Amino acid sequence: MPPLVLKSFDDLKDFVGCEINVTDWFEITQDRILKFAEATEDRQWIHLDPARAKRESPYGATIAHGFLTLSLLSDLSQQALQIQNGVGMIVNYGLNRVRFVSPVRAGSNIRARIVLQSLKDVPPDGVEGVFNATVELENSDKPCCVAEWVVRYYR
């Protein structure tokens, strides 16, 4: 889907309590999982050894790190929402809660469903949005990740 394009972050006020957008599907490849493992030093076999994972894991395949899925929210959110003017800086302010609900097998597709939960002014000249981000797994009734994500926009 094309992103929701707003003229300024002041226009976000009209979307509190609303679904902002749903992103396109994004494939989680084994190569991406490997690169994430190298970057984070998390080389557990469940992520990196397809033969062993097929034999020994309850998932029958390697799976993505939960933090890999979570880290993709920044990119996925840019697919969901773009603000044209007046934003000098966007800051990932943190997460209020995160759950990794189901595994993401290598080769699976994910997408994000973004809902703006709340919005408040923050000094000196910004707004803080709390987004409910649900990362969905293609062909699954359960999401793979749900997060309450706090983002600050400054002029």
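Here, every reference points to the structure presented above.
Residues numbered from 1 in each chain as written. Predicted model: local features only at pLDDT ≥ 70, side-chain atom pairs only at ≥ 80, totals over all residues. Heavy atoms only, no water.

With that out of the way, let us pick up the packing of aromatic side chains. All told, the structure shown has 1 aromatic pair when counted by the stated rule. With 5.8 Å between their ring centres and 90 degrees between their planes, phenylalanine 67 and phenylalanine 100 make a pair best called edge-to-face. You can see phenylalanine 67 sitting in helix H4 (residues 66-71) and its partner phenylalanine 100 sitting in the loop between strand S5 (89-99) and strand S6 (108-122), a full 33 residues away along the chain. Judged by relative accessible area, which is 57%, phenylalanine 67 ranks as exposed. (Phe/Tyr/Trp six-rings, centres within 6.5 Å; stacked < 30°, edge-to-face > 60°. Helix = DSSP H or I, 4+ residues; strand = E, 2+ residues; numbered from the N terminus. Buried < 20%, exposed > 50% of the residue type's maximum accessible area, 1.4 Å probe, protein only.)

Along helix H1 (residues 30-40), the positions that sit buried rather than exposed are Ile33, Phe36 and Ala37. Buried residues of H1 fall within an arc of 100 degrees about the axis and therefore sit on the same side. Residues of H1 that are exposed and angled more than 90 degrees away from the buried face: Lys35 and Ala39. On its buried face, H1 sits against strand S3 (26-28), helix H2 (45-48) and H4. Immediately downstream of H1, the backbone of glutamate 41 shows phi near 65 degrees, a positive value. (Arc of directions from axis to C-beta. Contact = heavy atoms within 4.5 Å.)

This paragraph deals with the layout of surface pockets. Here the largest pocket is characterised by a volume of approximately 320 Å³. If you trace the largest pocket, you find 17 residues lining it, with Ser77, Gln78, Leu81, Ile90 and Tyr153 closest to the centre. Per element, the largest residue contribution to the lining of the largest pocket is 4 residues, and it comes from helix H5 (residues 73-80). Taken together, the residues that form the lining of the largest pocket break down as 12 nonpolar, 5 polar and no charged. (1 Å grid on protein atoms, 1.4 Å probe; cavity = no way out; pocket = protein on both sides within 12 Å on 5 of 7 lines; lining within 4 Å. Points joined across faces, edges and corners; volume = space filled by probe spheres on them. Nonpolar A, V, L, I, M, F, W, Y, C, P; charged D, E, K, R; others polar.)

Applying the stated rule across the entire model yields 12 salt bridges. Glutamate 38 is paired through a salt bridge with arginine 43; the nearest N and O atoms lie 3.0 Å apart. Salt bridges sharing partners connect three or more residues here, namely Glu19, Arg111, Arg113 and Glu136. (Salt bridge = Lys/Arg side-chain N within 4 Å of Asp/Glu carboxyl O.)

With that settled, consider the nonpolar core. Residues Leu12, Ile28, Leu73, Leu81, Ile110, Phe131 and Tyr153 are the most contacted members of the largest nonpolar core, which totals 35 residues. Broken down by element, the residue count for this core peaks at 6 residues, all from strand S8 (residues 143-154). Residues contacting leucine 73, with those up to four places away along its chain left out, are Ala112, Ala133, Val135, Ala147 and Trp149. (Core = buried A, V, L, I, M, F, W, Y, C linked by side-chain atoms within 4.5 Å.)

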